Amino acid sequence: MELNVTSGNFAAYVEQSDLPVLLDFWAPWCGPCRMVGPIVEELAQELEGKLRVGKVNVDEEGRLASAYGVMSIPTLILFRGGKEVDRLVGAQSKAALLRFVGQA
């Protein structure tokens, strides 16, 4: 299931994960983020056991967002083996997100 990812739990949730991880970098005031959020939550449920999904609030975790060069939100970053393998920026359809995570 989806988890609020912070600097404090990033290593355990992302770097040490045996599954691919999709992180949604977002903010509560961001309209496109609020559009993508429910889709990301659906993916978390549908792909449970195949993909881990987490959310990073850029207002609370600016250092983490900066470390990954997140300049626009929403930014969705796909990690495998703790390393970034791809990213999408901007609101996306469910079909686009399914294609994106299909790489994992």
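Residues numbered from 1 in each chain as written. Predicted model: local features only at pLDDT ≥ 70, side-chain atom pairs only at ≥ 80, totals over all residues. Heavy atoms only, no water.

Novice: Lay out the packing of helix H2 (residues 31-46) against helix H4 (residues 94-102) with the relevant residues and their values.
Specialist: Orientation of H2 relative to H4, taken along the N-to-C sense of each, is 45°, at an axis distance of 10 Å. With respect to their mutual orientation, H2 and H4 come out oblique. Like other packed secondary-structure pairs, H2 and H4 cross with a definite hand, here right-handed. Where H2 abuts H4, its residues Val36, Ile39, Val40, Glu42, Leu43 and Glu46 lie against Lys94, Leu97 and Leu98. Its residues placed into classes, the contact of H2 with H4 shows six nonpolar, no polar and three charged. (Axes fitted to C-alpha atoms, helices over the stretch in contact; angles between N-to-C directions. Helix = DSSP H or I, 4+ residues; strand = E, 2+ residues; numbered from the N terminus. Parallel < 35°, antiparallel > 145°, perpendicular 65-115°, else oblique. Left-handed = near helix turned anticlockwise from the far one by under 90°. Contact = heavy atoms within 4.5 Å. Nonpolar A, V, L, I, M, F, W, Y, C, P; charged D, E, K, R; others polar.)

Novice: Report on the pairing of strand E4 (residues 75-80), specifying residues and quantitative values.
Specialist: In terms of residue burial, E4 counts as a mostly covered element, since five of its six residues are buried. For strand E2 (residues 21-26) and E4, the ladder comprises five bridges, and the chain directions are antiparallel. Pairing of Phe25 across the sheet is with Thr75, part of E4. Relative to strand E5 (residues 83-89), E4 is paired through six bridges, and the arrangement is antiparallel. Opposite Ile77, over in E5, you have Arg87 as the bridge partner. Between E4 and E5, which pair antiparallel one after the other, the connecting turn spans two residues, and Gly81 there sits at a positive phi close to 65°. (Buried < 20%, exposed > 50% of the residue type's maximum accessible area, 1.4 Å probe, protein only. Pairing = 2+ DSSP bridges.)

Novice: Go over the state of the cysteines, please, and point to the residues and values.
Specialist: Covalently bonding the sulfur atom of one cysteine to the sulfur atom of another cysteine gives a disulfide. In the structure shown here, the tally under the stated rule is one disulfide. A sulfur-sulfur distance of 2.4 Å marks the disulfide that ties Cys30 to Cys33. Residues Cys30 and Cys33 are joined through a disulfide that is right-handed, its torsion about the S-S bond being 75°. Taken individually, Cys30 and Cys33 each receive the classification buried, so the pair is uniform in this respect. (Disulfide = S-S within 2.5 Å.)

Novice: Outline the packing of aromatic side chains, supporting the account with residue identities and numerical values.
Specialist: What the rule picks out here adds up to three aromatic pairs. Summarising the aromatic geometry, the rings of Phe10 and Tyr68 are spaced 5.6 Å apart at their centres and angled 40° between planes, so their arrangement reads as tilted. Of this pair, Phe10 sits in helix H1 (residues 10-15) while Tyr68 sits in the loop between helix H3 (62-67) and E4; the two residues are 58 residues apart in sequence, bridging distant segments of the chain. Taken together, a centroid distance of 5.9 Å and an interplanar angle of 80° make the contact between Phe10 and Phe79 edge-to-face. Linking Phe10 in helix H1 with Phe79 in strand E4, this pair joins segments that are 69 residues apart in sequence. What links up through ring pairs into an aromatic cluster is the set Phe10, Tyr68 and Phe79. (Phe/Tyr/Trp six-rings, centres within 6.5 Å; stacked < 30°, edge-to-face > 60°.)

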